[in-house]
Amino acid sequence: MGIYAVKTTASQEQTVADMIINREEQTIHAALAPDSVTSYVMVEADDFSVFDRILDEIPHANGVVEGQTSMAEVEHFLSPTPDVEGIAESDIVELIAGPFKGEKAQVQRIDEGKDQVTVELYEATVPIPVTVRGDQIRVLDSEER
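In this text, all values refer to a predicted model and were calculated from it rather than measured experimentally.

1. Structural notes on unusual backbone geometry
1) Next: Residues other than glycine seldom take positive phi values, yet serine 11 does so here, at roughly 60 degrees.
2) Next: Judged by relative accessible area, serine 11 falls into the exposed class, the value being 62%.
3) Next: Phi is positive for aspartate 115, which is not a glycine, with a value near 60 degrees.
4) Next: With respect to the secondary-structure elements, aspartate 115 resides in the loop between β6 (104-111) and β7 (116-121).

2. So, the packing of aromatic side chains
A ring pair, where both rings are aromatic, is described by two values, the distance of the centres and the angle of the planes.
1) Next: On inspection of all chains with the given rule, the structure shows three aromatic pairs.
2) Next: Taking 5.8 Å as the distance between ring centres and 65 degrees as the angle between the ring planes, the aromatic pair formed by tyrosine 4 and phenylalanine 48 counts as edge-to-face. Taken as a pair, tyrosine 4 in strand β1 (residues 2-8) and phenylalanine 48 in the loop between β3 (40-45) and α2 (49-54) lie far apart in primary sequence, 44 residues in all.
3) Next: A centroid spacing of 5.4 Å and a plane angle of 70 degrees characterise the contact between tyrosine 4 and phenylalanine 51, whose relative ring orientation is edge-to-face. Placement of the pair is tyrosine 4 in strand β1 and phenylalanine 51 in helix α2, with a sequence separation of 47 residues. Considered together, tyrosine 4 and phenylalanine 51 belong to a single accessibility category, that of buried residues.
4) Next: Through successive ring pairs, a cluster of aromatic residues spans Tyr4, Phe48 and Phe51.
5) Next: Above the face of the tyrosine 40 ring, lysine 7 is positioned so that its terminal group lies 5.0 Å from the ring centre.

Reading the values: rules and limits
Residues numbered from 1 in each chain as written. Predicted model: local features only at pLDDT ≥ 70, side-chain atom pairs only at ≥ 80, totals over all residues. Heavy atoms only, no water. Buried < 20%, exposed > 50% of the residue type's maximum accessible area, 1.4 Å probe, protein only. Helix = DSSP H or I, 4+ residues; strand = E, 2+ residues; numbered from the N terminus. Phe/Tyr/Trp six-rings, centres within 6.5 Å; stacked < 30°, edge-to-face > 60°. Lys NZ or Arg CZ within 6 Å of the ring centre and 35° of its normal.

This is the structure in structure tokens:
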């Protein structure tokens, strides 16, 4: 059993992964289309020969990369990264969602456990701390970079 990389058409990764799994082949165990990998789907299968049978019937699947990869190489795709990763206190951010969308702010505190960031809006007359989810901000300027 191994993990194989199936080459796909760009932005069709999830479609290909779904089609591979929906075939219900006994020798295919899982398919993964990580967001951070373009044009490839990781497929766990018993052997390489299963791809000879199925790839011609799956649109947007363009072949299999020779050889196989290990679980250690794809393990980091299986655990989600927190949205607050890469954000530091005193970073300048823009709010990209919620009632303050488009506002610029400075990061005051980061709560990694809750995946939240407390920011202070720049253009507010009175500085008010606002707590938002990590996926609602975009870093504009960082002290660490």
